[in-house]
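Breakdown of the fold
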Amino acid sequence: MDDDLIYKKPRKGPAIASPASAANASTQMPSFAQLQEKQRSELIEMAQVRFGIKGGAVQINLVPLQIHLGMTQKEIFKELLAAPEAEHADQVLYALAKGELDADMANQILASLALLDKFKKMKIES
């Protein structure tokens, strides 16, 4: 299995498949939990590479916020208000890369930020 993150529908093989090959194919498919864990680890690695924690040195021009693992999503959004809006996603990724935020919470916050950005861009017609 390659590391492509795009779902590709499995190709249909011969019309008649043996029960052994069908059982073998089902054992090769990762579980939902395995896919979630892979996504979490890839998100953390991407954040660590982006901010130079893993790999080469990077100049970071963010003023670190006071984000920590014990915070709720509401508290993190309140903390994000102290940063410029253009830095919100970077602040979340930076906290994730430093271990101050877990991948699930970071994913939820990044999704919320993306949704808020879409709402801001929508034209309201009367």
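These figures come from a predicted structure and were not determined experimentally.

About the cut-offs
- Residues numbered from 1 in each chain as written.
- Predicted model: local features only at pLDDT ≥ 70, side-chain atom pairs only at ≥ 80, totals over all residues.
- Heavy atoms only, no water.
- Helix = DSSP H or I, 4+ residues; strand = E, 2+ residues; numbered from the N terminus.
- Areas by Shrake-Rupley, 256 points an atom, 1.4 Å probe, with all protein chains shown as cover.
- Salt bridge = Lys/Arg side-chain N within 4 Å of Asp/Glu carboxyl O.
- Buried < 20%, exposed > 50% of the residue type's maximum accessible area, 1.4 Å probe, protein only.
- Contact = heavy atoms within 4.5 Å.
- pLDDT = per-residue confidence, 0-100.
- Core = buried A, V, L, I, M, F, W, Y, C linked by side-chain atoms within 4.5 Å.
- Axes fitted to C-alpha atoms, helices over the stretch in contact; angles between N-to-C directions.
- Parallel < 35°, antiparallel > 145°, perpendicular 65-115°, else oblique.
- Left-handed = near helix turned anticlockwise from the far one by under 90°.
- Nonpolar A, V, L, I, M, F, W, Y, C, P; charged D, E, K, R; others polar.
- Polar contact = N/O pair within 3.5 Å; in protein donor to acceptor, adjacent residues only side chain to side chain.

This part takes up the overall build of the protein chain. Counting secondary structure elements, the protein chain contains 5 helices and 0 strands. In sequence order, the secondary structure elements of the protein chain are arranged as α-α-α-α-α. Surface accessibility of the protein chain: about 9,800 Å² in total, with carbon and sulfur atoms responsible for 59%.

Time to look at the pattern of salt bridges. Summed over the entire model, instances satisfying the criterion amount to 7 salt bridges. For Glu37, the salt bridge identified is with Arg40, shortest N-O distance 3.2 Å. Linking Glu37 with Arg40, this pair stays in helix H2 (residues 32-50), spanning 3 residues, or about one helical turn. On the accessibility criterion, Arg40 (21% relative accessible area) is partly exposed. In this structure, a network of salt bridges that share partners links the residues Glu37, Arg40 and Asp104.

Along the chain, Leu80 falls in helix H3 (residues 73-80). Sequence-wise, Leu80 and Gln91 are 11 residues apart; in three dimensions their C-alpha atoms are separated by 7.6 Å. Setting aside anything within four residues of it in sequence, one finds Leu80 in contact with Leu65, His88, Gln91, Val92, Ile109 and Leu113.

Bringing the confidence of the model for the protein chain into the picture now. Across the protein chain, pLDDT averages 80, with 75% of residues at or above 70. Looking at the elements of the protein chain, mean pLDDT is at its lowest for helix H1 (residues 19-28), recorded as 59, and at its highest for H3, recorded as 94.

Attention shifts here to the nonpolar core. Among the nonpolar cores identified, the biggest contains 23 residues, and Ile76, Val92, Leu101 and Ile109 are the most heavily contacted of them. Residue assignment for this core shows that the elements contributing at least two residues are H2, H3, helix H4 (88-97) and helix H5 (103-121). Leaving out residues up to four positions away in the same chain, Leu101 has contacts with Ile67, Leu69, Ile76, Val92, Ala95, Leu96, Ala106 and Ile109.

As a further point, take the packing of H3 against H5. Any two packed helices are characterised by the angle at which their axes cross and by the distance between the axes. Put simply, H3 and H5 touch, their axes get as near as 11 Å, and they point 55° apart. For the element pair H3 / H5, the angle class is oblique. As for how H3 packs across H5, the hand of that crossing is right-handed. On H5, the residues touching Gln73, Ile76, Phe77 and Leu80 of H3 are Met105, Gln108, Ile109, Ser112, Leu113 and Leu116. Partitioned by chemical class, the residues of the contact of H3 with H5 number 7 nonpolar, 3 polar and no charged.

Residue position: Gln91 is located in helix H4. Within polar-contact distance, the side chain of Gln91 engages the backbone oxygen of Val63 at 3.0 Å.

This brings us to the environment of Ile76. Tracing the backbone shows Ile76 in helix H3. Under the relative-accessibility criterion, Ile76 is labelled buried at 0%. Note: C-alpha distance between Ile76 and Leu101 (25 residues apart in sequence) is 9.7 Å. When residues no more than four places from it in sequence are discounted, the contact partners of Ile76 are Ile67, Met71, Leu101, Met105 and Ile109.

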